[in-house]
Amino acid sequence: MKLEHRVIIVTGAGQGMGQATVAACVAAGAHVCGLDLNPAGLDALSAQFGDRFSGYQCDISDSAAVSDVFAQIHTQHGHIDGLVNNAGVGSLDEFTTTPDEHWAKVIGVNLTGAFYCARTACQYMVAQQSGAVVNISSTAAYTGEGPSHYCAAKAGLVGMSRSMARELASANVRVNVVIPGPTNTPMMEGIPEEWMEQMIAGIPLGRMGEPVDIANMVVFLLSDASAFSTGQNFTVNGGSAFI
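None of these values were measured; they are calculated from a predicted model. (Residues numbered from 1 in each chain as written. Predicted model: local features only at pLDDT ≥ 70, side-chain atom pairs only at ≥ 80, totals over all residues. Heavy atoms only, no water.)

Trainee: What exactly am I supposed to notice about unusual backbone geometry here?
Mentor: If a residue is not glycine, its phi is most likely negative; likewise, a peptide bond is most likely trans. The backbone phi angle of His 5 is positive, close to 65°, even though this residue is not glycine. Along the polypeptide, His 5 turns up in the segment before β1 (7-11). Notably, Gln 129 is not glycine yet its phi reads approximately 60°, a positive angle. Its place among the elements puts Gln 129 in the loop between α4 (100-128) and β5 (131-136). Looking at Gln 129, the relative accessible area reads 42%, which means it is partly exposed. (Helix = DSSP H or I, 4+ residues; strand = E, 2+ residues; numbered from the N terminus. Buried < 20%, exposed > 50% of the residue type's maximum accessible area, 1.4 Å probe, protein only.)

As structure tokens, then:
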């Protein structure tokens, strides 16, 4: 699975699955442009990967900011070959007491922000008649095991991806979804220990997923090894759910 001479944009690049995805894409030969709100995470990646990585501080829930950053990337490199919509936020809220601002933030980053990035990237991809988009959803989109705003956003990504795949196939732009199960990322740090124990007990392979497990699937979907796959869901969850 090779990505030589390709420019890949990864959102939420500064930690967790995003950080692992950057490393996997660089190892496969790509130049990676990482977007994150956290400059420290981007600086660490720049120090690790040198001129194979470019970092951009960006709030993906801001449409204008996304357009500006993608224009910078395209101007610098001349093409955008892949997008990984990985950025995500969460909040532990019960449905009947979910504050409006929590709902707006989770939907705004996890779904609307992914839309802004995908829409902008695909404008360049359609013009060059090639590209691949990987949207990171969650098993929670299907099981409902999570706060309502998070489940709604991740389910929305699946529907958006199917529509994108049908519409963009004629331009040789592929769109697929990776659906992780419980994975050891910073977002999981606030989960109560008893919840974690219950999650692991429900995983047939007997462990949490690691960010590299997700990153390896993402590289496959960005590469020509998956050239005949579009509009599909690829589940990486240790057998915890059959989707």
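So that's the structure; there's more coming.
Trainee: Looking at this structure, I do not really get empty space enclosed by the protein. What am I missing?
Mentor: With a probe scaled to a water molecule rolled over the atoms, the places where space remains empty come into view. A full pass over the atoms with the stated rule returns 1 cavity of 30 Å³ or more. One number sums up the size of the largest cavity: a volume of about 30 Å³. Surrounding the largest cavity, Thr 11, Ile 60, Asn 85, Asn 86, Ala 87, Val 109, Asn 110, Ala 114, Ile 136, Lys 154 and Leu 157 form its lining. Elements represented by at least two residues in the lining of the largest cavity include exactly α4 and α6 (148-168). Here the element with the most residues in the lining of the largest cavity is α4; it accounts for 3 residues. Looking at side-chain class alone, the lining of the largest cavity contains 6 nonpolar, 4 polar and 1 charged residues. (1 Å grid on protein atoms, 1.4 Å probe; cavity = no way out; pocket = protein on both sides within 12 Å on 5 of 7 lines; lining within 4 Å. Points joined across faces, edges and corners; volume = space filled by probe spheres on them. Nonpolar A, V, L, I, M, F, W, Y, C, P; charged D, E, K, R; others polar.)

Trainee: Please clarify how the nonpolar core should be interpreted in this entry.
Mentor: The nonpolar side chains of a soluble globular protein tend to be buried, and buried together. Of all hydrophobic cores here, the largest spans 32 residues; its most connected members are Ile 9, Leu 35, Phe 70, Ile 73, Leu 83, Met 125 and Met 164. Contributing elements (two or more residues each) for this core: β1, β2 (31-36), α3 (63-77), α4, α6 and β6 (173-180). Filtering out sequence-adjacent residues up to four positions away, Ile 9 remains in contact with Cys 33, Leu 35, Phe 70, Ile 73, Ile 80, Gly 82, Leu 83 and Val 84. Core analysis: the next-biggest nonpolar cluster, separate from the first, contains 31 residues, Ala 20, Val 218, Leu 221 and Phe 234 among them. (Core = buried A, V, L, I, M, F, W, Y, C linked by side-chain atoms within 4.5 Å. Contact = heavy atoms within 4.5 Å.)

Trainee: Sorry, what's going on with the pattern of salt bridges here?
Mentor: Side chains that carry opposite charge are capable of pairing whenever their charged atoms lie near each other. Scanning all chains against the criterion turns up 2 salt bridges. The residue Arg 6 makes a salt bridge to Asp 224 at a minimum N-O spacing of 2.9 Å. Of the two residues, Arg 6 is situated in the segment before β1 and Asp 224 in the loop between α8 (211-222) and β7 (233-236); the sequence distance between them amounts to 218 residues. A relative accessible area of 55% places Asp 224 in the exposed class. Here Asp 213 ties to Arg 207 by a salt bridge, and the two come within 3.0 Å at their closest N and O atoms. Using a relative accessible area of 25% as the deciding quantity, one classes Asp 213 as partly exposed. Taking the relative accessible area as the measure of exposure, Arg 207 reaches 42% and is therefore partly exposed. (Salt bridge = Lys/Arg side-chain N within 4 Å of Asp/Glu carboxyl O.)

Trainee: How should α3 be read in this particular structure?
Mentor: Because an α-helix completes one turn every 3.6 residues, residues spaced three or four positions apart along the sequence face the same direction. For α3, spanning 15 residues, the distance from its first C-alpha to its last is 21 Å, which sits close to the expected 21 Å at 1.5 Å a residue. Ala 65, Val 66, Val 69, Phe 70 and Ile 73 are the residues of α3 that are buried. Each buried residue of α3 lies within a common arc of 125° when the element is viewed along its axis, so the set occupies one face. Here α3 starts with a cap whose side-chain oxygen sits 3.1 Å from the backbone nitrogen of Ala 64, and that cap is Asp 62. Gly 78, located one to two residues past α3, shows a positive phi value of around 85°. (Expected span 1.5 Å × (residues − 1). Arc of directions from axis to C-beta. Polar contact = N/O pair within 3.5 Å; in protein donor to acceptor, adjacent residues only side chain to side chain.)

Trainee: Explain the sheet that holds β2 here, please?
Mentor: Each strand in a sheet pairs with its neighbour through backbone hydrogen bonds, running either in the same direction (parallel) or in the opposite one (antiparallel). An order of β3-β2-β1-β4-β5-β6-β7 is seen for the 7 strands of this open sheet, with the pairing classed as parallel. Edge positions in the sheet fall to β3 (53-57) and β7, since each has one partner strand and no second. The average undirected angle you get between the axes of adjacent strands in this sheet is 20°. By the bridge criterion, 3 bridges tie β1 to strand β4 (residues 82-85) in an arrangement that is parallel. Within the sheet, the bridge partner assigned to Ile 8 lies in β4 and is Gly 82. Sheet strands in contact with α4 are β1, β4, β5 and β6, and its direction is about 175° off that of β4. Here α8 sits on the sheet in contact with β1, β4, β5, β6 and β7, set at roughly 165° to β6. (Pairing = 2+ DSSP bridges. Axes fitted to C-alpha atoms, helices over the stretch in contact; angles between N-to-C directions.)

Function cannot be inferred from these measures alone, as they are strictly geometric.
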